Amino acid sequence: MSELHKFMFEGKPVRGMLVRLTDAWQDILKRREESGGYPLAVQQMLGEMTAAATLMQANIKFNGALVMQIMGDGPVKLAVAEVQPDLSLRATATVVGEVAADAPLSHMVNVNNEGKCAITLDPKDRKPGQQPYQGVVPLYGDRRQKLEKLSDVIEHYMLQSEQLDTTLVLAANGEVAAGLLIQRLPLQGDANLSGSGVAGADEDQIGHNEDYNRIAILASSLKREELLGLDAETILHRLFWEEELRRFDPQLGELGPRFACTCSRERVGGMLRSLGPDEVESIIAEQGQVEVTCEFCGAIQRFDPVDAAQVFLEPERQQPAPPDVH
């Protein structure tokens, strides 16, 4: 069962989270099997993205979707992981070329150093005129060197966005996607990933807090096979047995990370309306119907000529939609 653990280091300005996605991650992969699945390197990258996005959503307590996107100039054109405030999640990737099993991050999405990572926060109850908050970082470091670890990209993003030291360890395979996050607490106020602002004094603390630096070194010693193969209790004891941890109740089951897709027939109808009646009619003339498959869950929505005509009627004149086809 997928689970999320939160903890604090007593008397120290450091917090941590550990996520292990098992059934939630396997559900994502199973839904991709019909179309051939993902190459091993893409599977690992997408799993690490999904674990990282879950940690970030749990860290900021944002009432809306957190969407992590990696857009590249390699064979992986786009990878997306989306996590809702209740920790329901979904993920997908678009692959258009061959990807070697051991391909590094740059070969997949950053061939010419033009790849980017974007984090979007989309509020559930968006006010009129309100736009989602988005931050973007390149897939290279301060000296334009290509970054080969997703954790380095996210740490760089968190440092820019929150002005807080963050250590992230990520790993994924065909069974588990997992991550460990350690972060120095702000001196006052809330972290500003959602644009709320952090006191300038926090910037002065970057890299200088001895407690955080020591704990970060311990966290960084966690090996990939340990993160994937050990349970949360064993991992935390091995790493921090000399520290006093304040543990919170783990989030699992219906309260924890789990796969869920937000696609619907109504959303597809909205997409068709945005295309316009002429474009939709041309598709029907060519194919007999409009068929849309959700990239995340594989659900298929079909609109025959009558269904398509309904889309462009006034809402009060529309007939009830048939059940979703999965």
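Throughout what follows, the structure given in this document is the object of discussion. (Residues numbered from 1 in each chain as written. Predicted model: local features only at pLDDT ≥ 70, side-chain atom pairs only at ≥ 80, totals over all residues. Heavy atoms only, no water.)

1. Description of the pattern of salt bridges
- Under the criterion given, the structure shown has eleven salt bridges.
- Between D165 and R184 there is a salt bridge whose closest N-O contact spans 2.8 Å. Taken as a pair, D165 in the loop between α4 (150–162) and β8 (166–172) and R184 in strand β9 (residues 177–184) lie far apart in primary sequence, 19 residues in all. Of the two residues, D165 and R184, neither departs from the other in class, the shared state being buried.
- The network of salt bridges with shared partners includes K12, D211, R214 and E243. (Salt bridge = Lys/Arg side-chain N within 4 Å of Asp/Glu carboxyl O. Helix = DSSP H or I, 4+ residues; strand = E, 2+ residues; numbered from the N terminus. Buried < 20%, exposed > 50% of the residue type's maximum accessible area, 1.4 Å probe, protein only.)

2. Some thoughts on the environment of G179
- Looking at the secondary structure, you find G179 in strand β9.
- For G179, a relative accessible area of 0% translates into the label buried.
- The spacing of G179 and G47 is 132 residues in sequence and 9.7 Å in space, taken between C-alpha atoms.
- Those residues in contact with G179 that sit more than four places away from it in its chain are M17, L18, V19, A51, L55, V169, L170 and L227. (Contact = heavy atoms within 4.5 Å.)

3. Section: the side chain of Q84
- Examined against the element boundaries, Q84 turns out to sit in the loop between β4 (76–83) and β5 (88–95).
- If near-sequence neighbours (up to four positions away) are discounted, Q84 is found in contact with Q57, G64, A65, K124 and T262.

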